[in-house]
Amino acid sequence: MEKIRKYHYQISAQHIDFQKKVSLSSLFHLILKTAGVDADNNGFGLLKLQSENYTWVLSRFVMDMERFPKEDEKIAIETWIQDVETMFTTRNFRITNGNNELIGYASSSWAVIDMKTRQGVLLDTLPSLNQFIVPETTPIGTPTRIPNIKGEVANRFEVKYSHIDINRHASSSFYIQWIADCFSLDFYQTHTPKRLEINFLKEITFGDTGEVYREEKAGGDYYFQIVTREKGIACRARMTTW
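Nothing here was measured: the structure is a model prediction, and the numbers come from that model. (Residues numbered from 1 in each chain as written. Predicted model: local features only at pLDDT ≥ 70, side-chain atom pairs only at ≥ 80, totals over all residues. Heavy atoms only, no water.)

Novice: Describe in detail the packing of aromatic side chains, supporting the description with residues and values.
Specialist: Scanning all chains against the criterion turns up 13 aromatic pairs. For the pair F28 and F61, a centre-to-centre distance of 4.8 Å together with 85° between the ring planes defines the contact as edge-to-face. Of the two residues, F28 sits in helix 1 (residues 24-42) while F61 sits in strand 2 (residues 54-65), which places them 33 residues apart along the sequence. You'll find F28 and F61 in the same group, each marked buried. Ring centres of Y175 and W178 lie 5.7 Å apart, and the angle between their planes is 45°; on these two criteria the pair is classed as tilted. Placement of the pair is Y175 and W178 together in helix 3 (residues 172-180), with a separation of three residues, close to one helical turn. Grouping residues by exposure puts Y175 and W178 together as buried. One aromatic cluster is present, built from ring pairs that chain together F183, F187, Y188, Y222 and F224. The side chain of K217 reaches across the aromatic face of Y223, ending 5.4 Å from its centre. (Phe/Tyr/Trp six-rings, centres within 6.5 Å; stacked < 30°, edge-to-face > 60°. Helix = DSSP H or I, 4+ residues; strand = E, 2+ residues; numbered from the N terminus. Buried < 20%, exposed > 50% of the residue type's maximum accessible area, 1.4 Å probe, protein only. Lys NZ or Arg CZ within 6 Å of the ring centre and 35° of its normal.)

Novice: Before we move on, could you go through the pairing of strand 1 (residues 5-10) and cite the residues and values that matter?
Specialist: The two faces of strand 1 differ: R5, Y7 and Y9 on one face are buried, but K6, H8 and Q10 on the other face are not. Bridge analysis of strand 1 against strand 3 (residues 74-84) gives six bridges, and the strand direction is antiparallel. Counted as the bridge partner of H8 is A76 from strand 3. (Pairing = 2+ DSSP bridges.)

Novice: Just give me the short version of helix 1, but keep the residues and values in it.
Specialist: With 19 residues, helix 1 extends 27 Å from end C-alpha to end C-alpha; this agrees with the ideal 27 Å at 1.5 Å per step. The positive-phi residue at the C-terminal boundary of helix 1 is G43, with phi of around 95°. (Expected span 1.5 Å × (residues − 1).)

Novice: How would you summarise unusual backbone geometry if you had to cite specific residues and measurements?
Specialist: For N53, which is not glycine, the phi dihedral falls at a positive 70°. Along the chain, N53 falls in the loop between helix 2 (46-50) and strand 2. Relative accessible area serves as the criterion here: at 27%, N53 is assigned to the partly exposed category. A positive phi angle is found at N100, which is not glycine, with a value near 65°.

Novice: Could you give an account of the sheet that holds strand 8 (residues 209-218), naming the residues involved and the relevant values?
Specialist: Across the sheet, 10 strands lie side by side as 1-3-4-5-2-7-10-9-8-6; this open sheet has antiparallel pairing. If you trace the sheet from one side to the other, it starts and ends with strand 1 and strand 6 (152-158), each paired once. Averaged over neighbouring strand pairs, the angle between their axes works out to 25° when direction is ignored. The pairing of strand 3 with strand 4 (residues 89-97) spans nine bridges and is classified as antiparallel. If you follow E78 over to strand 4, its bridge partner there is R94. Against the sheet, helix 1 touches strand 1, strand 2, strand 3, strand 4, strand 5 (102-114), strand 7 (193-200) and strand 10 (232-241), its axis set at about 140° to strand 1. Packed on one face of the sheet, helix 3 meets strand 2, strand 6, strand 7, strand 8, strand 9 (221-228) and strand 10 and runs near 125° to strand 7. (Axes fitted to C-alpha atoms, helices over the stretch in contact; angles between N-to-C directions. Contact = heavy atoms within 4.5 Å.)

Everything listed here is a matter of coordinates, which is why it stays silent on function.
Below, the structure written as structure tokens:
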């Protein structure tokens with residue numbers, strides 16, 4: 001039984017930004033795609049859970065990149081379950097290029113919720129999870145709690161049809177887009193994201209409107225807070241650049 005699996009991708013035109021490098025949201029999407037496919041292969045994927053009226057939700061996420069791959073570059077993402085606790089499980093990722101050279105890590109914290117009540121359930125609902133534990137950490141650690149900020153409004157959004165995923169809420173990739181869009185093209189020409197950490201606090205659903213607050217705590221160290229008019233603070237994030 002394989003506990004650590006490697007999945008291969010090629011960066012294509014749909015994944016890149018104006019500099020022909022994979023965008024933050026596209027890389028995040030590939031990492032989450034890897035998590036989904038691996039969960040399917042292990043027998044506790046999204047569709048399996050939904051057939052029992054449960055679903056996976058992402059609670060916290062962090063990734064730290066040495067560089068962002070470019071168009072046509074091949075990458076591989078390895079993934080494994082580090083631990084399973086009462087309500088949350090940690091899934092890690094190792095990202096390499098086509099020459100098997102390390103270019104980044106990611107770590108994520110997941111919960112299972114009841115689709116009717118939208119409340120978390122105990123992970124002993126999925127006893128098979130424990131069969132796949134590999135107690136291997138990564139150098140970047142696991143996602144941590146991000147503090148409240150004040151900041152100034154740097155972006156605004158309204159949730160529409162194209163934002164909604166199979167769980168009937170805004171896909172987590174759009175949270176990354178709303179954060180990334182807090183900066184200009186000039187900013188990205190002189191700054192490269194290094195580490196992105198995000199805490200998902202509340203579901204954002206169709207019709208919700210909100211604002212993204214940004215505060216620079218130190219040079220190249222930015223904190224964000226996504227606040228909706230309907231639900232209040234829905235997400236906090238932190239991004240460092242170089």
